[in-house]
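# Commentary on secondary and tertiary structure
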Amino acid sequence: METVQEAADPRVDMWSAVCRAVALLLGPYAEVVLHDAEQDRVLAIWNPMTTRRAGDPSLLGELDQLERSADDVYGPYEKLLADGRRLSSVSAVLRDPDGRPSAVLCVNLDRTPLEQAAAVLAGFAAPTAPRPQALFDQDWPDRVHQIIGSFVRSRGRPVERLGREDRLAVLAELDQAGVFAVRRAVPVVASALRTSRSTVYSLLAELRARRTHS
């Protein structure tokens, strides 16, 4: 972990352990900078991301344009490097025992790895192409799972928490899809609904009785 700093400064001595800890935790993806709050210059940098060095201007005036997120803390706010990398930055004013600003600690986190990971996840989550129906016409267990899965998602609760009316409703969808015309469909439906075969038979009887009397 590279550190660039000026000659010994009591503020660097005081805060270096904190800065080093943050730099170690966030690895090569974070630059930690300690600024002189009065002279507006860089005191030390851990994991430098640019050619900026200790003694260079800090340009802390940008903080005047930001809203504080907490007492003496600004950000996270966005910054942009010349190579196009986006940073999430946070700055904290460090005060001396008399309450006067002594230094400003800034952490600049490179968002590139996060954005790359997000792109990979978004790719996996992208909509799939419609499945070839001809391949699934005879796969009635898959149809059972599709219907029950869609029903569960629409209700927003797990299958174990479906009430009696919910179960009747999903059985009605399965029946309309012709699932129960298939021999041995009931055991598959019972397994998918996490219930017994007798319960499915009972609900089917109730469902069909309601249709008869409606």
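Being a predicted model, the structure only gives us computed values, none of them experimental. (Residues numbered from 1 in each chain as written. Predicted model: local features only at pLDDT ≥ 70, side-chain atom pairs only at ≥ 80, totals over all residues. Heavy atoms only, no water.)

## Section: the overall build of the chain
From N to C terminus, the chain includes 7 helices and 7 strands. By residue count, 35% of the 214 residues in the chain fall in the buried class. Sequence separation of 24 or more characterises 45% of the internal contacts of the chain that already satisfy a separation of 6 or more. By element, 54% of the accessible surface of the chain is carried by carbon and sulfur atoms, the whole surface being about 13,200 Å². (Helix = DSSP H or I, 4+ residues; strand = E, 2+ residues; numbered from the N terminus. Buried < 20%, exposed > 50% of the residue type's maximum accessible area, 1.4 Å probe, protein only. Contact = heavy atoms within 4.5 Å. Areas by Shrake-Rupley, 256 points an atom, 1.4 Å probe, with all protein chains shown as cover.)

## Observations concerning the nonpolar core
Counting 25 residues, the largest nonpolar core has L171, L174, F180 and V189 as the members making the most contacts within it. Those elements giving two or more residues to this core turn out to be α4 (140-155), α5 (164-176), α6 (185-192) and α7 (197-213). Top contributing element to this core by residue count: α4, with 6 residues. In contact with F180, other than residues within four places in its own chain, are L171, L174, D175, A185, V186, V189, V200, L204 and R208. One finds C19, W46, L94 and L105 within the second-largest nonpolar core, a separate group that totals 13 residues. (Core = buried A, V, L, I, M, F, W, Y, C linked by side-chain atoms within 4.5 Å.)

## A look at the environment of A21
Position of A21 relative to the elements: it lies in helix α1 (residues 10-25). As for A21 and V32, which are separated by 11 residues in sequence, their C-alpha atoms are 9.8 Å apart.

## Section: the pairing of strand β3 (residues 41-46)
The element β3 is extensively covered by neighbouring structure, given that 6 of its 6 residues are classed as buried. As paired elements, strand β2 (residues 30-36) and β3 share 5 bridges and run antiparallel to each other. Of the residues in β3, the one forming a bridge with D36 is R41. Count of turn residues in the β2/β3 antiparallel hairpin: 4 residues, of which D40 carries a positive phi of about 55°. (Pairing = 2+ DSSP bridges.)

## Points about the confidence of the model for the chain
Looking at the chain, the pLDDT average stands at 84 and 86% of residues meet or exceed 70. Taken element by element, the chain is modelled with least confidence in helix α3 (residues 133-136), mean pLDDT 49, and with most confidence in β2, mean pLDDT 93. (pLDDT = per-residue confidence, 0-100.)

## Points about α4
Over its 16 residues, α4 runs 23 Å from end to end, which matches the ideal 22 Å to within 8%, given 1.5 Å per residue. Those residues of α4 that sit buried are W140, D142, V144, I147, I148, F151 and V152. Positive backbone phi, at 70°, marks G156, one or two positions downstream of α4. (Expected span 1.5 Å × (residues − 1).)

## Looking at the pairing of strand β5 (residues 73-80)
Inspection of the sheet shows β5 paired to strand β6 (residues 86-95) by 6 bridges, in the antiparallel sense. Across the sheet, the residue bridging to L80 is R86, located in β6. With antiparallel pairing between neighbouring strands as the criterion, β5 and β6 make up a hairpin whose turn holds 5 residues, including G84 at a positive phi of roughly 95°.

## Considerations on the pattern of salt bridges
Inspection of the entire model under this criterion finds 21 salt bridges. The partner of E78 in a salt bridge is R86, with the nearest N and O atoms 3.2 Å apart. Assessed through its relative accessible area of 29%, R86 is described here as partly exposed. The salt bridge involving E206 is made with R210; its shortest N-O contact spans 2.8 Å. You can see E206 and its partner R210 sitting in helix α7, 4 residues apart, about one turn around the helix. Through salt bridges with shared partners, a single network forms among D9, R11, D36 and R41. (Salt bridge = Lys/Arg side-chain N within 4 Å of Asp/Glu carboxyl O.)

## A short note on the environment of D175
With respect to the helices and strands, D175 occurs in helix α5. Given the relative accessible area of 16%, D175 is considered buried. Between the C-alpha atom of D175 and that of L207, which follows or precedes it by 32 residues, the distance is 9.8 Å. If we ignore the near neighbours within four places in the chain, the residues touching D175 are F180, R208 and R211. Looking at D175, its side chain comes within polar contact range of the side chain of R211, at 2.7 Å. (Polar contact = N/O pair within 3.5 Å; in protein donor to acceptor, adjacent residues only side chain to side chain.)

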